[in-house]
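Notes for the structure review
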Amino acid sequence: MSGTHSNNNAFRLPAEIVEQCELAQRIVRKELLPLEPEFLPHPGHSFGLKETINLKSVFGEEKTNHLIKIARDTGLWYLMVPEEFGGSGLPMLAQVAILEQFYYTAVPFPFANVPNILYECQGDQIERFLKPVIEGEKTTCFAQTEPNAGSDPGGMMQTRAVKKGDHWVLNGTKMWISMAAESDIIMVQAVTDPEKRQRGGITMFLVNRDNPGVHIEAGGIKTWLGLRAAQYTVHFKDCIVPETDVLGEVGKGFYLGQRWLTVHDRLLRGPYALGKMQRALDMSIDWAKQRITFGKPLSERQAIQWKIVDMFVDLEALRALTYQMAARSDAGEDIRAEAGMVKFTSMEWGARCVDHAIQIHGAMGEALELPLTLFYRYLRHGQIGGGANEIQRMQVARKLLKG
Ligand SMILES: Cc1cc2nc3c(=O)[nH]c(=O)nc-3n(C[C@H](O)[C@H](O)[C@H](O)COP(=O)(O)OP(=O)(O)OC[C@H]3O[C@@H](n4cnc5c(N)ncnc54)[C@H](O)[C@@H]3O)c2cc1C
């Protein structure tokens, strides 16, 4: 592994963060990279909350528990958890730098990756929902998209929740919900005031997957992210949810969802892409030096050198952008639009960078025993999932042009 922040610390990260980065690198090299050949034929959707489920499905309990033990012994399990819940309390910049190291490999490292809106839990919700998710005993999925509501959920959402006495009754259909069948808690958005919709009329509910009003379509929807389906259509039929299971305030659920997606999810796409881009660059340099055509290594051909240079430029530019936005977020700035910029640049530049690596590797670039095509699929998917690139650009345009 090369080019990491231990020797390229432009942001002057404190020594203890550099040490954490180096620890992450050692774990990747010693524990995760050796597992990659076994993982690559059965990839799961590795970004987000489901690392442990993916690991268990591929490697079984023993190997997964070994990795979980490393995560817990080193404290990395709590990397992204706020201090008040036993976490590291590290600023976003430090988290980004450490996460980048883990995304060097396709094999996910298990840690408590809690959707940050769950920290809105109040009263006994903390014991029933939040703490089990932090400890990895329960997992969540996020249900916003519907068959006719993707980019414009606020305007098009049909799922309704109606208050009856001390509970709510949910009816509607959500689609494309990642890992719904494997999750214990579904964080569902539903319209509670059709007049107000996204301006105070959408509420977030915490719904147990085994609620009798929840029906998950068998088989799920298969995509090119993995051989097994990981996205599901979920029907809510007269689904009764106690009023105590509203997350945050009634009517504020759209705002909550956007807050999670804008900062947590979008900014963290940066390190997710950076690790993959660094790996693709390292692999390409190694391959170009040893692959001989017409009597010379590929590394001596200008056409190949320029691809490698372009990959390096994308990587350095994305790193500068991501780290800058993380630092600005830590300073309390409103970076909602900028986080969208990190999302679409990381996915576009990342896919472009990995595409060069595939080309440099020739036929080997297409071989599933290398991680390159999987990296490409993940990064290309990220140009749609979690809010498509066009929608991110709309937000940046709004910020630039509103004055
Ligand atoms: C693998 C996968 C996993 C997913 N996981 C989840 C999940 O866990 N939970 C969840 O809620 N959703 C999930 N989604 C749904 C995802 O968030 C939506 O697919 C995404 O927001 C885009 O919505 P859409 O597919 O309806 O596209 P549409 O809204 O139909 O848009 C189609 C295209 O048109 C563009 N477009 C739309 N409006 C405009 C405009 N005004 N100007 C210019 N271009 C525009 C879009 O950017 C897009 O490129 C997942 C999707 C996939 C593929």
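As the structure is a computational prediction, the values presented were derived from the model and not from experiment.

Section: the overall build of the chain
Looking only at helices and strands, the chain has twelve helices and ten strands in total. Seen through its C-alpha atoms, the chain measures out along the principal axes to roughly 80 × 55 × 45 Å. Classification of the 403 residues of the chain by burial places 46% in the buried group. The long-range fraction of contacts in the chain, counting pairs at least 24 apart against all pairs at least 6 apart in sequence, stands at 72%.

Observations concerning the site of the ligand
The local shell around the ligand holds 21 residues, among which T145, G150, S151, A388 and E390 are the closest. Put simply, the parts of the chain that give the shell around the ligand at least two residues each are β1 (140-143), β3 (167-178) and α12 (389-401). Of the residues assigned to the shell around the ligand, the class counts are nine nonpolar, eleven polar and one charged.

Points about the nonpolar core
Formed by 116 residues in total, the largest nonpolar core has its most connected members in I186, F205 and V354. Look past the residues within four positions of F205 in its chain and what remains in contact with it is A161, W168, L170, V188, A190, V241, D245, V246 and L247.

So, helix α7 (residues 253-290)
Across its 38 residues, α7 extends 54 Å between first and last C-alpha, which sits within 8% of the 56 Å expected from 1.5 Å per residue. At L261, α7 is bent by approximately 30 degrees, the largest bend along its length. Taken across its 38 residues, α7 has 27 buried, putting it largely inside the fold.

Thoughts on helix α4 (residues 92-102)
Extensive coverage of α4 is indicated by the burial of eleven of its eleven residues. Among the residues of α4, those classed as buried are M92, L93, A94, Q95, V96, A97, I98, L99, E100, Q101 and F102. For α4, the elements touching its buried residues are α1 (15-32), α7 and α8 (302-330).

Some thoughts on the domain arrangement of the chain
When the domains of the chain are assigned, the result is domain 1 (15-114), domain 2 (140-247) and domain 3 (255-401). Here domain 1 and domain 2 have C-alpha centroids that lie 28 Å from each other.

Structural notes on the environment of E120
Mapped onto the elements, E120 comes out in the loop between α4 and α5 (125-134). Look at E120 and you get partly exposed, because 17 C-beta atoms sit within 10 Å. E120 sits 279 residues away from K399 along the chain, and the two C-alpha atoms are 27 Å apart. Setting aside residues up to four positions removed in sequence, E120 forms contacts with L247, G248 and L256.

Here's the deal with unusual backbone geometry
Positive phi outside glycine occurs at D238, with the angle close to 45 degrees. Note on placement: D238 falls in strand β7 (residues 231-242). The exposure class assigned to D238 is exposed, which follows from the 9 C-beta atoms found within 10 Å. Phi angles above zero are rare outside glycine, and F294 is one such case at about 45 degrees.

Digging into the environment of R301
Within the element layout of this structure, R301 appears in the loop between β10 (296-297) and α8. The spacing of R301 and D166 is 135 residues in sequence and 71 Å in space, taken between C-alpha atoms.

A word on the packing of α1 against α4
Packing of α1 against α4 leaves a shortest axis separation of 8 Å and a crossing angle of 15 degrees. As the angle between them shows, α1 and α4 are arranged roughly parallel. Relative to α4, α1 is oriented so that their crossing is right-handed. Seen from α1, the contacting residues are I17, Q20, C21, A24, Q25 and V28; seen from α4, they are A94, A97, I98, Q101 and F102. Within the contact of α1 with α4, the residues separate by chemical class into eight nonpolar, three polar and no charged.

Things to note about the pairing of β7
Note: β3 against β7, nine bridges, orientation antiparallel. In the strand pairing of β7, H167 is matched with P242. Where strand β6 (residues 214-216) meets β7, three bridges bridge the pair, whose relative direction is antiparallel. The partner of V214 across the bridge, within β7, is F236.

Thoughts on the confidence of the model for the chain
Of the residues in the chain, 95% reach a pLDDT of 70 or more, and the chain-wide mean stands at 92. Low confidence marks residues 1-7, where pLDDT is under 50. Its contacts with residues over four positions away, or in another chain, come to 18 contacts.

Criteria and cut-off values
Residues numbered from 1 in each chain as written. Predicted model: local features only at pLDDT ≥ 70, side-chain atom pairs only at ≥ 80, totals over all residues. Helix = DSSP H or I, 4+ residues; strand = E, 2+ residues; numbered from the N terminus. Buried ≥ 20, exposed ≤ 12 C-beta atoms within 10 Å, placed from the backbone. Contact = placed C-beta atoms within 7 Å. Near = placed C-beta within 6 Å. Nonpolar A, V, L, I, M, F, W, Y, C, P; charged D, E, K, R; others polar. Core = buried A, V, L, I, M, F, W, Y, C linked by C-beta atoms within 7 Å. Expected span 1.5 Å × (residues − 1). Bend = angle between axes of the 7 residues up to and from the residue. Domains from an automatic or database assignment. Axes fitted to C-alpha atoms, helices over the stretch in contact; angles between N-to-C directions. Parallel < 35°, antiparallel > 145°, perpendicular 65-115°, else oblique. Left-handed = near helix turned anticlockwise from the far one by under 90°. Pairing = 2+ DSSP bridges. pLDDT = per-residue confidence, 0-100.

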